[in-house]
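Listed here are the chains, written in short residue letters.
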Amino acid sequence: MPKVKPHRTSPSLDMTPMVDLAFLLVTFFMLTTKFAPEESVVVDTPSSISELKLPENNVITLTVDKDKRVFFGVDAKQTKIQALQRVGAKYGVNFTAAQAKEFGDLPNFALPINQLGSYLNMSKEDRKQVNAKQPGVPLDSLNNQLIDWVLESRRANQAIFKKPTYIAIKGDGDADVPTVQQVIKILQERDINRFNLITDMENKPVAAAR
């Protein structure tokens, strides 16, 4: 008597758990991703073959654009606010709590300390209109506010996070070389001889250690 062959069924795979996992991952990245704030100036950094990456935290960035202006920026909001209070006290300029909060959200700036208050009182849209007119942080021998921002930010960052601060110089490919050299000289005069030069390689920012 012939045997009865069982009916063969094609195997099935339940994709529901995989789809759920994919949605969970997408949701996670959407909630945790931090978008880079819009900077006051955009520079086209020169290319480099260096593969050394710039640290993600505790970084002071000195940006030199093609118009010889120097922009100052710090990544940590708490550090920026405390540095603002320290530098303001040195130059006799007071800032309100609202102004300090706005300053904490700035990616960078290029104004003398006595012009910061009126700038912080502006709306974000109005600031965009005047960003191109910012004269740059003063760095001449008679009024060197740039080094004050660097030193006070380093002290504030150390006091808050108990970690060293990295300094990065971000120069435009067409930046004025003497201006970049002046920034380096100002740092070296205060025994700051270790810093990073931000370059670009395959659209990814890297840092060439000096």
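Every value quoted in this text rests on a predicted model; they were computed, and no experiment measured them. (Residues numbered from 1 in each chain as written. Predicted model: local features only at pLDDT ≥ 70, side-chain atom pairs only at ≥ 80, totals over all residues. Heavy atoms only, no water.)

Draft legend 1. Structural detail: the packing of helix α2 (residues 77-91) against helix α6 (residues 145-161). Their axes nearest at 8 Å, the elements α2 and α6 cross at an angle of 130°. Looking at the two axes, α2 sits oblique to α6. You can see that α2 and α6 cross each other, and the crossing is right-handed. Where α2 abuts α6, its residues Q78, T79, Q82, A83, L84, R86, V87, K90 and Y91 lie against Q145, D148, W149, E152, S153, R155, A156, N157, A159, I160 and F161. The residue makeup of the contact of α2 with α6, split by class, is nine nonpolar, six polar and five charged. (Axes fitted to C-alpha atoms, helices over the stretch in contact; angles between N-to-C directions. Helix = DSSP H or I, 4+ residues; strand = E, 2+ residues; numbered from the N terminus. Parallel < 35°, antiparallel > 145°, perpendicular 65-115°, else oblique. Left-handed = near helix turned anticlockwise from the far one by under 90°. Contact = heavy atoms within 4.5 Å. Nonpolar A, V, L, I, M, F, W, Y, C, P; charged D, E, K, R; others polar.)

Draft legend 2. The pattern of salt bridges, seen in detail. Applying the stated criterion across every chain yields a total of seven salt bridges. Measuring nitrogen to oxygen at the nearest pair gives 3.5 Å for the salt bridge that ties R86 to E152. Residue R86 is located in helix α2, and its partner E152 is located in helix α6; the two are separated by 66 residues in the primary sequence. Relative accessible area serves as the criterion here: at 31%, R86 is assigned to the partly exposed category. In this structure, the salt-bridge partner of K128 is E125, at a minimum N-O distance of 3.7 Å. Pair noted here: K128 and E125 are both in helix α5 (residues 124-130), with a separation of three residues, about one helical turn. Connected through shared salt-bridge partners, R86, E152 and R155 make up one network. (Salt bridge = Lys/Arg side-chain N within 4 Å of Asp/Glu carboxyl O. Buried < 20%, exposed > 50% of the residue type's maximum accessible area, 1.4 Å probe, protein only.)

Draft legend 3. Geometry of the packing of α2 against helix α3 (residues 97-104). For the pair α2 and α3, the least separation of the axes is 8 Å and the interaxial angle reads 135°. Compared by their axis directions, α2 and α3 come out oblique. By crossing handedness, the relation of α2 to α3 is classed as right-handed. Contacts between α2 and α3 pair K77, K80, I81 and L84 from the former with A100, K101, F103 and G104 from the latter. Residue composition of the contact of α2 with α3, by class: four nonpolar, one polar and three charged.

Draft legend 4. Representation of the environment of L111 in the model. The topology assignment puts L111 in the loop between α3 and α4 (116-120). When the C-alpha atoms of L111 and N131 are compared, they prove to be 9.6 Å apart, with 20 residues separating the residues in sequence. Here L111 is in contact with L116, Y119, Q134, P135, G136, V137 and P138, once residues within four sequence places are set aside.

Draft legend 5. Region of interest: empty space enclosed by the protein. Overall, the coordinates contain one cavity of 30 Å³ or more when judged by the stated rule. As a volume, the largest cavity reaches approximately 40 Å³. Every residue along the wall of the largest cavity is listed here: F72, G73, V74, K80, F103, L106, P107, N108 and F109. At three residues, strand β2 (residues 70-74) tops the list of elements feeding residues into the lining of the largest cavity. Residue classes in the lining of the largest cavity are distributed as six nonpolar, two polar and one charged. (1 Å grid on protein atoms, 1.4 Å probe; cavity = no way out; pocket = protein on both sides within 12 Å on 5 of 7 lines; lining within 4 Å. Points joined across faces, edges and corners; volume = space filled by probe spheres on them.)

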